[in-house]
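Here is how the chains run, residue by residue.
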Amino acid sequence: MLGDNIQKYRKARGLTQEQLSAQIPVVRQTLSKWEKNLSVPDAQALVRLSQVLEVSVEILLDTPQQGENLAAELARVNEALAERNRELEKMALEGRQRGMILFLSFLALGIALAVKNPVVSAVSVGVCVLLALGILYRNLSLLSQGTMTPTQNRLLKVVTVFDGVLFVGLVVLSVLVGTERVVFSQTQEKWLLVGLFSCLFLFFGAISPRLPFQRHTGLRLPWTVLDEPTWNLAHKILGMLALPITVLYVAVALSCEDVDAVAKASVGALLLYIAIPGLLSLIFYLKQYGRLKK
C-alpha cells in the first residue's frame, strides 16, 4: 500500500522520518501516519514525496496506469485505507470481547474451585457466567464467522437466552437448596434431574441442525470449528440423536433406585450425546483432509 511504499523508498534513500518530513514539509507525526496507513497525503504532498524519493507517483500508488486523475486515485487509496482500518478495528474489538468472555469463564472456574461456601460460590459463578452470556448476546454478529442472516442471528439469540435462563434457574435453585429454603425428597430430586436433562437433549436436538457455522454456540470441537461441512454434519447428527438418547436416558433413569445412580445416568447420556457426533464428525473431517492432501 501507499504507506508501505513511502517507508520502503524512504529507507532506500537512507532518510529518517525527520529528514523526509522536513523536505515535504510536514511534521514527523504526519509522515508516520502515512507510513502506518492511517491516512494519506494530499495531491501536492504526494507529488513532493515522489520528487524527494525519486520515484514516480504511479509507483508510490501501485498504479501502473499513466495519466490517472491524481485526486481520484488518492480518493480510491483513501477509501481502501479506511476499509482496511475498519476491518482492523473490528478484529481488535472482536479480540477484546472474546478475551473478556474467556476471562469471565476462567474467573467463574477459579471461584468454583476456591470458594468453599456453596451459596457464595453459586452466586459469584452465576454473575460471571451471566456477564459472559450478556457480552456474547450483544456481540453475536461480531463474533460469528462470515455474514449471518437475520434468521440465523435470531436463532443464536434464542440459544443464548435459553442458556441464560437455564443458568439463572440453576443458580437460584442452588441458593435455595444451600440455604435450606427448599428441601427435595429423593423422588423429587430424581424427577428434577430427569426433566432437566431431557429438556436439554430435546431443545438442542431441535435447534442444532439449524445452527450456523461459528465458534461460540454449538458443538465446539477443534475439527468442527475448522470446517463448515464437518460442523454441519456434527449438528445434523445431534438433531437425529436427541429423541433416541432422551428415550433411552429416561428409561435407564427411571429404573434407577437412588439419585446418585440417576446422576451417573445423566452424565453418561450427556457424554454419549456429545461423543457420537464428535467421533463421526472427526472421522468425516480426517477423510476430507486426507482427500485434500492427495
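Our subject is the structure listed above.
What counts, and where the lines are drawn
- Residues numbered from 1 in each chain as written.
- Predicted model: local features only at pLDDT ≥ 70, side-chain atom pairs only at ≥ 80, totals over all residues.
- Heavy atoms only, no water.
- Helix = DSSP H or I, 4+ residues; strand = E, 2+ residues; numbered from the N terminus.
- Rg over C-alpha atoms; globule rule 2.2 N^0.38 Å.
- Buried < 20%, exposed > 50% of the residue type's maximum accessible area, 1.4 Å probe, protein only.
- Contact = heavy atoms within 4.5 Å.
- Lys, Arg positive; Asp, Glu negative; His and termini not counted.
- Charge placed at Lys NZ, Arg CZ, Asp CG, Glu CD.
- Expected span 1.5 Å × (residues − 1).
- Core = buried A, V, L, I, M, F, W, Y, C linked by side-chain atoms within 4.5 Å.
- Axes fitted to C-alpha atoms, helices over the stretch in contact; angles between N-to-C directions.
- Parallel < 35°, antiparallel > 145°, perpendicular 65-115°, else oblique.
- Nonpolar A, V, L, I, M, F, W, Y, C, P; charged D, E, K, R; others polar.
- Phe/Tyr/Trp six-rings, centres within 6.5 Å; stacked < 30°, edge-to-face > 60°.
- Bend = angle between axes of the 7 residues up to and from the residue.

Caption draft 1: Local environment of the overall build of the protein. In terms of helices and strands, the protein carries 12 helices and 0 strands. Walking the protein from its N terminus toward its C terminus, one meets helices and strands in the order α-α-α-α-α-α-α-α-α-α-α-α. Since a compact globule built from 294 residues should have a radius of gyration of about 19 Å, the 29 Å found for the protein marks it as more spread out than a globular shape. For the protein, the C-alpha atoms occupy an extent of roughly 90 × 50 × 30 Å along the three principal directions. Taken over 294 residues, the protein has a buried fraction of 36%. A fraction of 66% describes how many contacts in the protein between residues 6 or more apart in sequence connect residues 24 or more apart. Seen as two clouds, the 29 positive and the 22 negative side-chain charges of the protein have centres 3 Å apart.

Caption draft 2: Here's a closer look at helix H9 (residues 150–178). The first and last C-alpha atoms of H9 sit 42 Å apart over 29 residues, in line with the 42 Å expected at 1.5 Å per residue. Where H9 is buried, its residues contact helix H7 (118–138), helix H8 (140–143) and helix H10 (186–207). Looking one or two places after H9, you find Glu180, whose phi comes out positive at around 60°.

Caption draft 3: Region of the structure containing the nonpolar core. Counting 22 residues, the largest nonpolar core has Phe201, Ile245, Tyr249, Val262 and Tyr273 as its most contacted members. For this core, the secondary-structure elements that each account for two or more residues are H10, helix H11 (228–255) and helix H12 (259–293). With 8 residues, H11 is the largest single contributor of residues to this core. Apart from the residues within four sequence positions on either side, Tyr273 is in contact with Phe201, Phe204, Gly205, Leu238, Leu241, Ala242 and Ile245.

Caption draft 4: The packing of H10 against H11, seen in detail. The geometry of H10 relative to H11 is characterised by a closest axis approach of 8 Å and an angle of 170° between their N-to-C directions. The angle between H10 and H11 places the two elements in the roughly antiparallel class. From H10, Lys190, Trp191, Leu193, Val194, Phe197, Ser198, Phe201, Leu202 and Gly205 reach across to H11, where they touch Leu238, Gly239, Ala242, Leu243, Ile245, Thr246, Tyr249, Val250, Ala253 and Leu254. Grouping the amino acids of the contact of H10 with H11 by side-chain chemistry returns 14 nonpolar, 4 polar and 1 charged.

Caption draft 5: Highlighting the packing of aromatic side chains. Tallying each qualifying case throughout the model produces 8 aromatic pairs. Their ring planes at 70° and their centres at 5.9 Å tell us that Phe213 and Trp231 sit as a pair that is edge-to-face. Placement of Phe213 in the loop between H10 and H11 and of Trp231 in helix H11 is noted, with a sequence separation of 18 residues between them. In this structure an aromatic cluster arises from ring pairing among Phe197, Phe201, Tyr249 and Tyr273.

Caption draft 6: Layout of H11. Compared with an ideal rise of 1.5 Å per residue, which puts 28 residues at 40 Å, H11 spans 40 Å between its outermost C-alpha atoms and is within 8% of the ideal. Leu241 marks the point of greatest bend in H11, at about 40°, and the proline Pro244 comes within the next four residues. Among all positions of H11, only Thr230, Trp231, Ala234, His235, Ile237, Leu238, Leu241, Ala242, Ile245, Thr246, Tyr249 and Ala253 are buried.

Keep in mind that these numbers describe shape and distance, not what the molecule does.
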